[in-house]
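Architecture at a glance
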Amino acid sequence: MAELNIGSTAWRRVEVGRVLKLENGSLAAIVEIIDHKRALVDGPSSNEKLATPRGEVSFAHTLLTPIVIDKLPRGARTGTVKKAWEAAGVDAKWAATNWAKKQEKQEKRQALTDFDRFKVMRLKKQRRFEERKALAKIKASA
């Protein structure tokens, strides 16, 4: 018979210590699971945009991230969560993800004024012109 290896799945599980991304773009860690639809969360991030006050959230309004704070006790108070958050380096891990980079890029684009968008368009046109000029030069020499 063939050898059968059974391993755990790599799914993101709802667990105490799992970091969530909320609808408003902030981060929070699950402190206590209330029921199958809700959890008590706390997000003591040093970045004000990512910080979340302690409170109850519905899983329907959250996304699970791959970041987990290991050995966070159930029902931990805000001070304990803050120490564990900093020890796990959640802010640095989040900043390194493509998810965070994409979100930052979108926010930067949304903040552009009409004139800024015009300048970006002109720079793209210049780049495209230089690329086509170089390509034509290569084709002509071949």
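The model shown is predicted, which means the values in this text are computed figures rather than measured ones. Note that residues are indexed from 1 along each chain, following the sequence as it is written. Restriction of local features to residues with pLDDT of at least 70 applies here, the model being predicted, together with a cutoff of 80 or more for giving and counting side-chain atom pairs; totals for whole chains, interfaces and linings are based on all residues. Computation of side-chain values covers all heavy atoms of the structure but excludes hydrogens and water.

Details of the packing of aromatic side chains
Quick note on the threshold: Stacked, tilted and edge-to-face are the three classes applied to pairs of Phe, Tyr and Trp rings, where Trp contributes its six-membered ring and a pair requires centres within 6.5 Å; stacked means planes under 30 degrees apart, edge-to-face means over 60, and tilted covers the rest. Categorising residues by exposure relies on relative accessible area from a 1.4 Å probe, with only protein chains included: less than 20% of the type maximum marks a residue as buried, more than 50% marks it as exposed, and the intermediate range marks it as partly exposed.
Per the counting criterion, the structure on display carries two aromatic pairs. A centroid spacing of 5.4 Å and a plane angle of 55° characterise the contact between Trp-94 and Trp-99, whose relative ring orientation is tilted. The partly exposed category is assigned to Trp-99, whose relative accessible area is 29%. Aromatic pair Phe-115 and Phe-118: ring centres 6.3 Å apart, planes at 20°, arrangement stacked.

Section: the UniProt feature "domain: Large ribosomal subunit protein eL14" (unreviewed entry) in the protein
Threshold: UniProt positions are given in the numbering used here, feature names are shortened, and annotations may be inferred rather than shown by experiment. Think of it this way: any DSSP run of H or I at least four residues long counts as a helix, any run of E at least two long counts as a strand, and we number them from the N terminus.
Mapped onto the present numbering, the UniProt feature "domain: Large ribosomal subunit protein eL14" (unreviewed entry) falls at residues 53-128. Segment residues 53-128 splits into 61% helix and 17% strand. End C-alpha atoms: 47 Å apart.

As for the pattern of salt bridges
Let me state the cut-off plainly: Within this document, salt bridges are pairs made up of a side-chain nitrogen of Lys or Arg and a carboxyl oxygen of Asp or Glu, the two lying within 4 Å of each other.
Considering all chains together, one arrives at nine salt bridges under this definition. Of the charged contacts in the structure, one is a salt bridge between Glu-15 and Arg-18, with a shortest N-O distance of 2.9 Å. On the basis of relative accessibility, which here comes to 5%, the residue Arg-18 falls in the buried class. Among the salt bridges present, the one from Glu-130 reaches Lys-133, with a minimum N-O distance of 3.8 Å. Here the residue Glu-130 and the residue Lys-133 both occupy positions in helix H4 (residues 114-141), the gap between them amounting to three residues, near one helical turn. In this structure Glu-130 comes out as partly exposed when scored by relative accessible area, which is 43%. Judged by its relative accessible area of 46%, Lys-133 falls in the partly exposed class. Each of Asp-35, Arg-38 and Glu-56 takes part in one network of salt bridges that share partners.

As for the pairing of strand E3 (residues 38-43)
Two faces, one strand: in a regular strand the side chains alternate between the faces of the sheet. This is how the line gets drawn: If DSSP finds at least two bridges between two strands, the strands pair.
Relative to E3, strand E2 (residues 27-33) runs antiparallel, the two being bridged by four bridges. For Ile-33, the partnering residue across the bridge sits in E3 and is Ala-39.

A word on the side chain of Thr-65
Which entries qualify depends on this criterion: In this description, contact between two residues means that some pair of their heavy atoms is separated by no more than 4.5 Å.
Residue position: Thr-65 is located in strand E5 (residues 62-68). Judged by its relative accessible area of 0%, Thr-65 falls in the buried class. Setting aside residues no more than four positions away along its own chain, Thr-65 makes contact with Arg-12, Arg-18, Val-19, Leu-20, Lys-21, Trp-94 and Trp-99.

Structural notes on the nonpolar core
Selection criterion: Nine residue types can take part in a nonpolar core, namely buried Ala, Val, Leu, Ile, Met, Phe, Trp, Tyr and Cys, and a core is a set of them joined through side-chain atoms within 4.5 Å.
Of all hydrophobic cores here, the largest spans 16 residues; its most connected members are Val-19, Leu-27, Ile-69, Leu-72, Trp-85, Val-90 and Trp-94. The residues touching Val-19, leaving out its near neighbours within four places in the chain, are Leu-27, Ala-28, Ala-29, Leu-63, Leu-64, Thr-65, Ile-67, Ile-69, Trp-85 and Val-90.

Digging into the environment of Ser-46
Put simply, the test is: Contacts described as polar in this section are N or O atom pairs within 3.5 Å, which, within protein, must combine one atom able to donate a hydrogen with one able to accept it, while residues neighboring in sequence count only if both atoms come from side chains.
With respect to the helices, strands and loops of the structure, Ser-46 is situated in the loop between E3 and strand E4 (52-58). Among the polar contacts made by the side chain of Ser-46, one reaches the side chain of Asp-91 at a distance of 3.0 Å.

Describing the sheet that holds E3
The strands making up a sheet are joined through hydrogen bonds of the backbone, oriented either antiparallel or parallel. To keep things clear, this is the line we draw: The axes used here are C-alpha line fits, helices contributing only the stretch in contact, and every angle between their N-to-C directions lies in the interval 0 to 180 degrees.
Read from one edge to the other, the open sheet built from five strands follows the order E4-E3-E2-E1-E5, with strand pairing classed as antiparallel. Edge strands, defined here as strands with exactly one partner in the open sheet, are E4 and E5. Direction aside, neighbouring strands of the sheet carry axes that sit 40° apart on average.

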